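# Per-entry structural report
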Amino acid sequence: MIRGLLFVSALALSLLGCVNLARAPAPPPVIGTDQPVSFLADVKPIMDARCAVCHSCYNAACQLKLSSYEGIDRGGSKAAVYSSDRLKPQQPTRLFVDAQLTEQWRNLGFHSVTSNSEAGVENDSTMAYFLDAKRRNPLPSGRYQAEATDLTCAADQRETRAFLGKHPGRGMPFGFPALSSKEHDTLAAWLAQGAQGPSKEEQAALVNPGPADAAQIARWEAFLNRDGPKHAMTARYIYEHLFLAHVRFVAADSDAFFYLVRSATPPGEAIQEVATVRPYDDPGMKRIYYRFRKIHATIVYKTHIVFELDDATLARYQELFIAPDWLQPPHLMPYDDAESANPFLVYAQIPPRSRYQFLLDNAEYIVRTFTRGPVCRGQIAVNVIQDHFWTLFLDPDADETVKNPEFLLQQADNLRLPTEAGSGMGVLKSFSNKYRSRYADFYLAKNALYEEKVPDGLGIDAIWPGNRPGDAPVLTVYRHFDSASVLKGAIGDLPRTLWVIDYSQFERIYYALVAGFDVFGNISHQANVRRYMDYLRMEGELNFVSFLPPGDRVATFQSWYIGDRALKDTRHQELLTGRDTAVVYTTVNPKRELVEQVVNGRLDPAVGIAFDRLNYHAEGEFGAMPETFDSHDDVIQGFRALNAPGTGFIRHVTNSEANVLYVRLRGVAGGDRFVSIVINRWHDNVNAMFGETRRLDPSKDNIDFIFGSVGAYPNYFLDVALADIPMFFDVLYNFDGSPGYIAKLEKFGVNRRDQRFWETYDWFQNRFDESDPINAGLYDLNRYESQAIAD
């Protein structure tokens, strides 16, 4: 399997498998049992551990979500959520939102996977067939990609039997070893008994909050639904930023999470969620109520964005939104298709300082919504960013657009976003420059504002230091080809690029990528959002280089855009270099010096951020590989040595499927250690939607080692015994692609065909759950290295 990680495969993805033209399989055997099979006690633990790991988001094959009984009962659909050629918006099919009853889902084109046929056969549901196919052919062989666009979604028994007749090795779990006999028989018996869900009592316990949570909900719903325009507009702003959040009430100290939703019914009555595509869409009624709906589907990490509410949060909202005088007499704003998409118009009455401080208070959560919102997959969705960068934030006291709120209102037209056109912008407008021109006009106006207000430039005190232990004034963003992760702190070595985010940029990114983005929208909607992000990325980068000496700015910025025309125009160069910096420099490497001044001197000690011990290096300092690995410090130095450019493993691992690898080091410092290997691909630039491979340079890739879990989509597992740790480091350091080194590396690898696969996966999942029980969720295995290789 390691061979699959080393080189980009040129194999076409057919319907995944060796074709066998044998006759269609017979119906699966009926598994009998004297005892009824309980969905919650018997079935759901298996579904979570072996099924929801691939079937839990929009990227799940056939939209089949197995993380709840409602998703199982809804079944599958032939309509693909992710489509690169959709000319019209697609009907949204959000579980728990766009339909509630089985019949409603059938009317939306979903088919059952648990119902038997009408021929009187006792156990011939689609699910039973696929489970039985895996029982008959337990080990995968060939290449498996669950997110391939040409997979067939069998809608009935006839299609199921035809598919499995041609592809008998494509049973479930797809591309992984079979369930244990006990697991298989439990699911088969449950299907034979009619695939019943939770009892009424069990369902009530699932969907209703416990007493402690209910008390907190009553308090918060009272605040959010208080009469008066000031409270109403505050609640509207908070909701539009928290609609994706998995809300946790700290005082309740439970394991329950909740969505904040808009309801037609007030607190005390059953929630009737208002289903709109976007959180700022017209709810279609005069009064709506903000309510908390309990999440009872299994928590999956790729969409688990935790937001905690407590007494301090409530006091903070009072301080930020209710206590201050507003810029205008508080008044309700109408829901208008275009204006509602522009927060600088809708919330012009709220002081920008309050809005920006809200975003800064929750910077880690807000930035995570950029990467873990509805976009469960998509290279084009994330190829707008570099593989590794840090974000800093402009201090509110230094943000001239916050200090001069009339400026934002004057620029409201230039701050309009492409999402204002909804989900079905005309296809001929996919590459319109309409918003690019508006963005350019805004940037010129903002630059002129700073020229007027701070002609001598900004100093180190213009970087937000954070003020509280929970603040995140530095965030690390990793891109993993078609997904991304956000971590608090300065993780990894000094990145090639950095951003400084200010208020207007922060708000626009959120409303473009999260509040305004529709995963069911057409190609034009998605392309325009992606193109607009190019401008927002560059704005953050330009904000950062404006802190550098004027003479270093153009060369630094252009080094991030090799082969691109960025800043080739001398007028643009003059714009960037016209204002000085108030930062004092004493070295010939101002980028590194600026970052070290920020991390070592500017940040508030309360936030607890320092450089990464494993991966951050003073210039040119990497150290030698230890000769022995007798201590934890030896292991750390070994990883630090592997960071050096040109070490063996990173030079040869060029497959786009290899981005995040999980390593189990056994017996280190008296226990087993979980290490994530994060591979950062070099891009000459990321300023185009297409042709990414032409802008890669594998000779400049680098690698980070992080204790603990990074990412939601592990690409490969490595299991290293204590006695083999020296060999493991030797392989990573000196790997040359030769058969001998490949054999050594394969000793540690756990291929998707390996009989140890589920045991290994369980170890990583359990360690993640134990180490971070609030933020952890199920990993997604859809992007595990696709090649199944026999021993």
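The preceding data block contains the structure.
Residues numbered from 1 in each chain as written. Predicted model: local features only at pLDDT ≥ 70, side-chain atom pairs only at ≥ 80, totals over all residues. Heavy atoms only, no water.

Right, let's get into the packing of aromatic side chains. The final tally for this structure, using the stated rule, is 64 aromatic pairs. Ring geometry for Phe557 and Tyr561: centres 4.9 Å apart, planes at 25°, overall stacked. We classify Phe557 as buried; its relative accessible area is 2%. The class for Tyr561 is buried, based on a relative accessible area of 2%. Summarising the aromatic geometry, the rings of Phe611 and Tyr616 are spaced 3.9 Å apart at their centres and angled 10° between planes, so their arrangement reads as stacked. (Phe/Tyr/Trp six-rings, centres within 6.5 Å; stacked < 30°, edge-to-face > 60°. Buried < 20%, exposed > 50% of the residue type's maximum accessible area, 1.4 Å probe, protein only.)

Take the sheet that holds strand β16 (residues 749-750) next. Read from one edge to the other, the open sheet built from five strands follows the order β14-β13-β12-β15-β16, with strand pairing classed as mixed. The open sheet has two edge strands, β14 (702-707) and β16, and neither has a second partner. When strand β13 (residues 671-680) meets β14, the two strands line up antiparallel, connected through six bridges. The residue bridging Ile679 from the neighbouring strand is Ile703, located in β14. Along the sheet, helix α24 (residues 632-642) makes contact with β12 (660-668), β13 and β14, crossing β14 at roughly 155°. (Pairing = 2+ DSSP bridges. Helix = DSSP H or I, 4+ residues; strand = E, 2+ residues; numbered from the N terminus. Contact = heavy atoms within 4.5 Å. Axes fitted to C-alpha atoms, helices over the stretch in contact; angles between N-to-C directions.)

The next thing to look at is helix α23 (residues 590-602). Between its first and last C-alpha, α23 extends only 16 Å over 13 residues, short of the 18 Å set by a 1.5 Å rise per residue. Taken together, the buried positions of α23 are occupied by Pro590, Lys591, Arg592, Glu593, Leu594, Val595, Val598 and Val599. Against β8 (388-393), β11 (497-501), α20 (523-545) and α21 (550-559) lie the buried residues of α23. (Expected span 1.5 Å × (residues − 1).)

So, on to a nonpolar patch on the surface. A surface patch of nonpolar side chains, amounting to about 240 Å² of accessible area, comprises Leu87, Val427 and Ile523. Summarising the element assignment, Ile523 is placed in helix α20. (Patch = residues over 30% accessible without salt bridge, like charges linked within 9 Å, V, L, I, M, F, W, Y side chains within 5 Å. Areas by Shrake-Rupley, 256 points an atom, 1.4 Å probe, with all protein chains shown as cover. Salt bridge = Lys/Arg side-chain N within 4 Å of Asp/Glu carboxyl O.)

Time to look at the pairing of strand β5 (residues 258-263). The buried fraction of β5 amounts to five of the six residues, a majority that puts the element mostly inside the structure. The pairing of β5 with strand β6 (residues 289-294) spans six bridges and is classified as antiparallel. Within β6, the residue paired with Arg262 across the bridge is Tyr290.

With 14 residues, helix α10 (residues 229-242) should reach 20 Å at 1.5 Å per residue; the first-to-last C-alpha distance of 20 Å fits that figure. Among the 14 residues that make up α10, twelve are buried, leaving the element largely enclosed by the rest of the structure. Looking only at α10, the buried set comprises Lys230, His231, Met233, Thr234, Ala235, Arg236, Tyr237, Ile238, Tyr239, Glu240, His241 and Leu242.

Counting residues in each nonpolar core, the largest one holds 128 residues, and the members touching the most others are Phe292, Tyr317, Phe393, Phe506 and Phe547. Here the element with the most residues in this core is α20; it accounts for nine residues. Residues within four places of Phe547 in sequence aside, it is in contact with Leu394, Leu458, Gly459, Ala462, Ile463, Val500, Thr581, Val583, Tyr585 and Leu594. (Core = buried A, V, L, I, M, F, W, Y, C linked by side-chain atoms within 4.5 Å.)

Now for the packing of helix α9 (residues 211-224) against helix α11 (residues 311-322). The contact between α9 and α11 brings their axes to 12 Å, and the two run at 5°. Comparing their axes, α11 and α9 come out roughly parallel. Within the contact between the two elements, α9 uses Arg219, Trp220 and Phe223 and α11 uses Asp311, Thr313, Leu314, Tyr317, Gln318 and Ile322. Taken together, the residues of the contact of α9 with α11 sort by class into five nonpolar, two polar and two charged. (Parallel < 35°, antiparallel > 145°, perpendicular 65-115°, else oblique. Nonpolar A, V, L, I, M, F, W, Y, C, P; charged D, E, K, R; others polar.)

Applying the stated criterion to the full structure yields 47 salt bridges. Between Asp780 and Lys302 there is a salt bridge, with its nearest N and O atoms 2.0 Å apart. Taken together, the positions of Asp780 in the loop between α28 (757-771) and β17 (787-788) and Lys302 in the loop between β6 and β7 (306-309) put the pair 478 residues apart, joining distant regions of the chain. The pair formed by Asp780 and Lys302 is uniform in burial state, with each residue classed as buried. Note that Arg479 and Glu692 form a salt bridge whose closest N and O atoms lie 2.7 Å from each other. Of the two residues, Arg479 sits in strand β9 (residues 475-479) while Glu692 sits in the loop between β13 and β14, which places them 213 residues apart along the sequence. Classification of Arg479 by relative accessible area gives buried; the value is 0%. Connected through salt bridges with shared partners, the residues Arg316, Glu319, Asp361, Arg468 and Asp471 form a single ionic network.

Taken as a whole, this structure holds one disulfide when the rule is applied. Here Cys62 engages in a disulfide with Cys153; their sulfurs sit 2.1 Å apart. Between Cys62 and Cys153 the disulfide shows an S-S torsion of about -100°. By sign, it is left-handed. Of this pair, Cys62 sits in the loop between α2 (39-51) and α3 (69-74) while Cys153 sits in the loop between β3 (142-143) and α6 (157-166), and the two are 91 residues apart along the sequence. Of the residues examined, Cys153 reaches a relative accessible area of 11% and is grouped as buried. Cys51 provides the cysteine sulfur closest to Cys54, a residue in no disulfide bond, and the two sulfurs are 8.9 Å apart. (Disulfide = S-S within 2.5 Å.)

By themselves, these figures tell us nothing about what the structure is for.
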